[in-house]
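So the chains spell out like this:
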Amino acid sequence: MALDIERLRADTPGCANLVHFNNAGGGLVPRPVHAAIVAHLEREMMDGVYAAAKAAEEDIHDTYVQCAALVGAEPSEIALTDSATRAWALAFASVGLGPGDRVLASRSEYASNYLSFLHLQRTLGFGIEPIPADEAGQIDLEALEEALADRHVRLVALTHVPTNSGMIQPAAAVGELTRARGVPLLLDACQSVGQVDLRSVQWDLLSATGRKYLRGPRGTGFLAVRSAWLDHLTPPMIDLSGAHWIGPDHYELVPGAKRFELWERSVASVLGLRTAVRYALELGIEPLEARIAGLAGILRARLEEIPGVTIQDRGARRCGLVTFTVDGVPAEMLRDRLATERINVSVSSAEATLLDMVDRGLDQVVRASVHAYNTEAEVDRLVSLITWG
Ligand SMILES: Cc1ncc(COP(=O)(O)O)c(C=O)c1O
C-alpha cells in the first residue's frame, strides 16, 4: 500500500523547518518517538528511575520483539546497544580470531569496522582480505566463493549499504555462500535498517543503529545474533546483567543475546527505539523502500541533467543515499552553501570508506540521503540550488 506522505510529514515537525536530506546521518525523529522518550523521562522525574523502569518492563521487552521482527530474528537473539559501532565491535571481538585465521570483507567497509580489524589484528594476528569489487562496484561473488573454499576463513564482514554510496550490496547472495560454507556473516545493516528488508538475508550477526533510517533517538542500536552461533562466541566483556555470579570462581552467561548487553542504559532511549521500529513496521518496510528508492532515483536523474555533476553511486540495486560530485566545487563548500538555505546534506570523505574511495580516486562526495517524508518539491529545491554553479 502506498504511504500517506501528508501524514508522515504531519508526524515530522522538522519538515516544516528545513529540507532534511541527511537521513543517512540521522533521520528526523517523528512525534510518537519524541513522545515516548519524553513520557519516560517524566516518569523517571516523578517516580525515580528504578520504579519507572519497572513500570515500563513490558514495553522494554517489546523493544526486543520489534527489533527481532524487523530483521527476521527471535527476540532472544537481540541485544540492545548504544550504537551500530558498539554492536559490530562486540560481535567482531567475540569471534575468537587468532593467527592463521582469515577474515573476508568488502572494499566498501565502514572506517570504524575496518579500524577494529586493524586494531585487533595487532594483538590477535589474523589476516584481513578485502574481496575485489565487480564491474558494478559490488562485492565480487565469484571471488568471494573462491576465497571461502579455504577452511581458514572464520568470518565474512559485509557493509550492506556503504556510508558513501546508494549501492545495496548483494547480501542475500553473500549469505547463501557463507551459509553453505558454515562461515558466519557479520552484516553491518546500519544504513539499510529501516529502508531495506533484512528478513530475507541469511545473516548470522547483524549490527544496526536507531538514529538513521529508523528515525529513532541517538545513542541507540542493536546487535542480532543467530542462536546457533551464540555458544561459539565469547562476549568481550560482561557484567551482572549478562551473567550470573554463581560461586567464588564461577559464572554463567545468561541465555540469549542479552549476554552482550551491559546493565546500565537509557531506558527512555530504548523506548524511543521501540516506538521508532514499530512506526517503521506499521508503515511497512516494502512501501518505505519503494518510496525512498523511487525518490532517490528521481534525485539522481535530475542531478545527472546538470552539467558538471557526476553521480557517484554504484551497484545494481540502490537505496536512499545519493552521492555526487560537482566539477570545481568542493563538497564541503556545497554542503555549507545549502545549509544557509536550510537544506541539510552531508559530505562523505575518503577516510570513511578508504579502500573504495582510493579505488575510485575520490576525496569527498556530497551525500543527499532522502527519506519517505521528503518530497519531489524538496528534490526540485535542492536541484535548483545546485544549478546555480
Ligand atoms: C555503514 C555504516 N556503518 C556503521 C556506522 C556507525 O553507526 P553508529 O554511529 O551508530 O555507530 C555508520 C555511520 O554512519 C555507517 O554509515
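The following refers to the structure shown. (Residues numbered from 1 in each chain as written. Predicted model: local features only at pLDDT ≥ 70, side-chain atom pairs only at ≥ 80, totals over all residues.)

We now examine the overall build of the chain. When helices and strands are tallied, the chain shows 14 helices and 15 strands. On the principal axes, the C-alpha backbone points of the chain span a range of 70 × 55 × 35 Å. The buried share among the 389 residues of the chain stands at 46%. Long-range contacts, defined as pairs at least 24 residues apart, comprise 70% of the intrachain contacts of the chain with a sequence gap of at least 6. (Helix = DSSP H or I, 4+ residues; strand = E, 2+ residues; numbered from the N terminus. Buried ≥ 20, exposed ≤ 12 C-beta atoms within 10 Å, placed from the backbone. Contact = placed C-beta atoms within 7 Å.)

What follows concerns helix H4 (residues 57-71). Over its 15 residues, H4 extends 22 Å from the first C-alpha to the last, a length consistent with the 21 Å expected when each residue adds 1.5 Å. Summarising the contacts, the buried residues of H4 are in contact with strand E2 (78-81), strand E7 (205-209), strand E8 (221-225) and helix H10 (267-283). One or two residues past the end of H4 sits Gly 72, with phi positive at roughly 75°. (Expected span 1.5 Å × (residues − 1).)

Across the sheet, which stays open at both edges, the seven strands sit in the order E2-E8-E7-E6-E5-E3-E4 with mixed pairing between neighbours. Either end of the sheet is taken by a strand with one partner, and the two such strands are E2 and strand E4 (127-130). Strand-to-strand twist in this sheet, taken as the mean axis angle between neighbours without regard to direction, amounts to 20°. Inspection of the sheet shows strand E3 (residues 102-105) paired to E4 by four bridges, in the parallel sense. Residue pairing for E4: Val 103 is matched across the bridge by Ile 128. (Pairing = 2+ DSSP bridges. Axes fitted to C-alpha atoms, helices over the stretch in contact; angles between N-to-C directions.)

Our next topic: the nonpolar core. Ranked by internal contacts, the top residues of the largest apolar core, which has 100 residues, are Ile 78, Ala 91, Leu 187, Leu 206, Phe 222 and Leu 223. Per-element tally for this core: the top contributor is H10, with nine residues. Split by domain, the residues of this core number at least three in each of domain 1 (5-28 + 284-386) and domain 2 (32-282). Setting aside its immediate chain neighbours within four residues, Ala 91 contacts Leu 186, Leu 205, Ser 207, Leu 223 and Val 225. (Core = buried A, V, L, I, M, F, W, Y, C linked by C-beta atoms within 7 Å. Domains from an automatic or database assignment.)

Turning to the site of the ligand, a few remarks are in order. Taken together, the neighbourhood of the ligand is formed by 13 residues, with Ser 83, Thr 85, Thr 163, Cys 190 and Thr 209 sitting nearest. The residue makeup of the shell around the ligand, split by class, is four nonpolar, eight polar and one charged. (Near = placed C-beta within 6 Å. Nonpolar A, V, L, I, M, F, W, Y, C, P; charged D, E, K, R; others polar.)

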